[in-house]
Amino acid sequence: MNVWIAIALTAVGCYLAKLLGLLVPAGALERPVVQRLAALLPVALLAALTAQQTFGNGQHLVLDARGAGLAAAALALVLRAPFLVVVGVAVVVTAGARALG
């Protein structure tokens, strides 16, 4: 039963967050600082999620094959490879590092 209470509270919280976002005046959203923040925040959140998923294992910092795959993907991005090539390079390097180690 506690799980359903948590689900209900989460749903209500999400609804209230959405409602608060709709109640923000348009003048506040047109400020340059807010627009810059709105443009950069998703990039920062995605970078943090990528770092956590790549180098985190519970409560420990881990450097394994995922780090090699991420480094290979970053190199492919620097070389301006298409997205599917970047993903393919990351997969191949990660699989190769796991096979060797």
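Residues numbered from 1 in each chain as written. Predicted model: local features only at pLDDT ≥ 70, side-chain atom pairs only at ≥ 80, totals over all residues. Heavy atoms only, no water.

**A short note on the overall build of the protein**
Note the following rule: Going along the chain from the N terminus, every DSSP run of H or I of four or more residues is numbered as a helix, and every run of E of two or more is numbered as a strand. Values of the radius of gyration come from C-alpha atoms, whereas the globule rule sets the reference at 2.2 Å times the count of residues to the power 0.38. Accessible surface is estimated by sampling points in the Shrake-Rupley manner with a 1.4 Å probe; for residues, cover comes only from the protein chains shown.
Along its length, the protein carries five helices and two strands. Ordered by position from the N terminus, the helices and strands of the protein form the series α-α-α-β-β-α-α. Here the C-alpha atoms of the protein give a radius of gyration of 20 Å, more than 25% beyond the 13 Å that 2.2 N^0.38 yields for 101 residues. Reported as C-alpha extents along the three principal axes, the dimensions of the protein are approximately 55 × 45 × 25 Å. Summing over all exposed atoms, the protein offers an accessible surface of approximately 8300 Å²; the carbon and sulfur share of this is 75%.

**A closer look at the environment of Leu79**
Relative to the assigned elements, Leu79 resides in the loop between helix 4 (65-78) and helix 5 (83-100). In sequence terms Leu79 and Leu45 are 34 residues apart; their C-alpha atoms lie 24 Å from each other.

**Let's talk about the pattern of salt bridges**
A side chain with one charge may pair with a side chain of the opposite charge, provided their charged atoms come close. Heads up, the condition is: We define a salt bridge as a side-chain nitrogen of Lys or Arg found within 4 Å of a carboxyl oxygen belonging to Asp or Glu.
Inspection of every chain in the model, using the stated rule, returns one salt bridge. The closest approach of N and O atoms between Arg66 and Asp64, which form a salt bridge, is 3.2 Å.

**Regarding unusual backbone geometry**
The phi torsion of most residues other than glycine is negative, and most of the peptide bonds are trans. Even without a glycine there, the phi angle at Arg80 is positive, about 60°. Tracing the chain through its elements places Arg80 in the loop between helix 4 and helix 5.

**Observations concerning the environment of Leu63**
For clarity, the threshold we go by: The rule is simple: take the accessible area with a 1.4 Å probe, protein chains only, and divide by the maximum for that residue type; under 20% is buried, over 50% is exposed, in between is partly exposed.
Along the polypeptide, Leu63 turns up in the loop between strand 2 (60-61) and helix 4. Under the relative-accessibility criterion, Leu63 is labelled exposed at 71%. In sequence terms Leu63 and Val12 are 51 residues apart; their C-alpha atoms lie 39 Å from each other.

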